[in-house]
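Structural overview
So you can see what is in the structure, the chains are spelled out below.
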Amino acid sequence: MIDLKNVVKIYRTGGEELMALKHVNLHIAEGEFTSIMGPSGSGKSTMMNILGLLDRFDDGTYLLNGQNVTHLTDVQSAKVRNQEIGFVFQSFNLMPRMTLLENVALPLVYAGISKSERKDRALKALEQVGLADRVHHRPNAISGGQKQRVAIARAIVNDPVVLMADEPTGNLDSKTTLEIMKIFQDLNDNGTTVVMVTHEPDVAQYTKRIVSFKDGEIIADNPVSERKKL
Ligand SMILES: Nc1ncnc2c1ncn2[C@@H]1O[C@H](COP(=O)(O)OP(=O)(O)OP(=O)(O)O)[C@@H](O)[C@H]1O
Ligand SMILES: [Mg+2]
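Residues numbered from 1 in each chain as written. Chains lettered and ligands numbered in written order. Predicted model: local features only at pLDDT ≥ 70, side-chain atom pairs only at ≥ 80, totals over all residues. Heavy atoms only, no water.

As annotated in an unreviewed UniProt entry, the protein chain carries the name Macrolide ABC transporter ATP-binding protein and is attributed to Enterococcus canintestini.

Looking at the sheet that holds strand β6 (residues 85–88)
The six strands are arranged β6-β7-β8-β3-β9-β10 in an open sheet whose pairing can be described as mixed. Sheet topology places β6 and β10 (217–223) at the edges, where each strand pairs with a single neighbour. The sheet shows a mean angle of 15° between the axes of neighbouring strands, taken without regard to direction. Where β6 meets strand β7 (residues 162–166), four bridges bridge the pair, whose relative direction is parallel. Of the residues in β7, the one forming a bridge with Phe87 is Met164. Contacts between helix α2 (residues 74–84) and the sheet are confined to β6 and β7, with β6 contributing the most and set at about 85° to the helix. (Pairing = 2+ DSSP bridges. Helix = DSSP H or I, 4+ residues; strand = E, 2+ residues; numbered from the N terminus. Axes fitted to C-alpha atoms, helices over the stretch in contact; angles between N-to-C directions. Contact = heavy atoms within 4.5 Å.)

Thoughts on the packing of aromatic side chains
Two measures describe an aromatic ring pair: the distance that separates the ring centres and the angle between the ring planes. Using the criterion set out here, one finds one aromatic pair in the structure. Ring geometry for Phe87 and Phe89: centres 4.8 Å apart, planes at 45°, overall tilted. Its relative accessible area of 11% is what places Phe87 among the buried residues. (Phe/Tyr/Trp six-rings, centres within 6.5 Å; stacked < 30°, edge-to-face > 60°. Buried < 20%, exposed > 50% of the residue type's maximum accessible area, 1.4 Å probe, protein only.)

Side note on the packing of helix α5 (residues 144–156) against helix α6 (residues 174–189)
Angle between the axes and distance between the axes: these two values describe a pair of packed helices. Contact geometry of α5 with α6 gives a least axis separation of 10 Å together with a crossing angle of 15°. Classed by the angle they form, the pair α5 and α6 counts as roughly parallel. Two packed elements cross with a definite hand, and for α5 against α6 that hand is right-handed. Touching Gly145, Gln148, Arg149, Ile152 and Ile156 of α5 are Thr176, Glu179, Ile180, Ile183, Phe184 and Leu187, all from α6. Across the contact of α5 with α6, the residue classes break down as six nonpolar, three polar and two charged. (Parallel < 35°, antiparallel > 145°, perpendicular 65-115°, else oblique. Left-handed = near helix turned anticlockwise from the far one by under 90°. Nonpolar A, V, L, I, M, F, W, Y, C, P; charged D, E, K, R; others polar.)

Some remarks on the layout of surface pockets
Considered as a void within the structure, the largest pocket measures approximately 470 Å³ in volume. Forming the walls of the largest pocket are 16 residues, and the residues nearest its centre are Arg81, Asn82, Pro107, Tyr110 and Arg154. Looking at the lining of the largest pocket, the elements with two or more residues in it are α2, β6, α3 (100–110) and α5. Looking at the lining of the largest pocket residue by residue, the classes come out as ten nonpolar, four polar and two charged. (1 Å grid on protein atoms, 1.4 Å probe; cavity = no way out; pocket = protein on both sides within 12 Å on 5 of 7 lines; lining within 4 Å. Points joined across faces, edges and corners; volume = space filled by probe spheres on them.)

A closer look at the side chain of Glu167
Considering the arrangement of structural elements, one finds Glu167 in the loop between β7 and α6. At 5.1 Å, Lys44 is the nearest oppositely charged side chain to Glu167, a buried residue that forms no salt bridge. Sequence-distant contacts of Glu167, that is, excluding residues within four places in its chain, are made with Gln90, Val197 and His199. (Lys, Arg positive; Asp, Glu negative; His and termini not counted. Salt bridge = Lys/Arg side-chain N within 4 Å of Asp/Glu carboxyl O.)

Observations concerning the site of ligand 1
Around ligand 1, the surrounding shell holds 13 residues, and the nearest of these are Ser40, Gly41, Lys44, Ser45 and Thr46. Between an oxygen atom of ligand 1 and a side-chain N or O atom of Lys44, the distance comes to 2.7 Å. Contact between ligand 1 and Ser45: an oxygen atom at 2.8 Å from a side-chain N or O atom of the residue. Relative to its unbound accessible area of 640 Å², ligand 1 is 62% covered by the protein chains. At the level of secondary structure, the elements contributing two or more residues to the shell around ligand 1 comprise β2 (16–28) and α1 (44–51). Looking at the shell around ligand 1 element by element, the count peaks at three residues for α1. By residue class, the composition of the shell around ligand 1 is four nonpolar, seven polar and two charged. (Near = heavy atom within 4 Å. Polar contact = N/O pair within 3.5 Å; in protein donor to acceptor, adjacent residues only side chain to side chain. Areas by Shrake-Rupley, 256 points an atom, 1.4 Å probe, with all protein chains shown as cover.)

Structure (structure tokens):
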């Protein structure tokens, strides 16, 4: 599903170079539910942005779902991202002027899906995250947890092979965090591969595997022994 081999990422700013990923190797199989942990600045978001084809890297290779995506152009990356990847951000990134339904349907516009099918699929995705009754609201009229559920609906509306999330519960209280983790567990039970960054060890216990970063390297990679089920 995901195969990173010797991936190196260097940030260059004002003549300074920082190696944010130092030859990272990571294999994630279909159906896994993995959390990425590690201190601030250890390279978690850098790797997630590479996994999500949101950023390029300097050396190594990336195979996604059997396809070598190491050297795609921006247009090719956008297409693969639209078809294969759902990405959820800590800060939701919803379009404020669009309704929840329109927000969720947006990836389908890029995918060239007809208007009536877009509506059906967006409604179904909103139902899956428990928001079927709010579809004509705008993002500023709902809570943070509900915004994140909309963002998850938008991420799954295209039936991605993998759902990626960078600190999806970072802005949420503990009760809402568990609601989001339950949605991720349900999606994973239904076959979606999930990869998420979290700072909180408690949250990672709801996933199946914990990969730990330090200074741009993976320093530990363990199954969650007593996984918590919601
Ligand atoms: N766009 C950028 N330009 C220059 N340096 C960057 C950039 N983005 C990240 N870095 C640096 O790369 C390193 C890794 O950053 P990254 O954002 O991946 O860390 P992180 O593990 O996600 O941290 P956090 O837990 O705070 O989100 C840090 O030293 C950071 O300062
Ligand atoms: Mg980060």
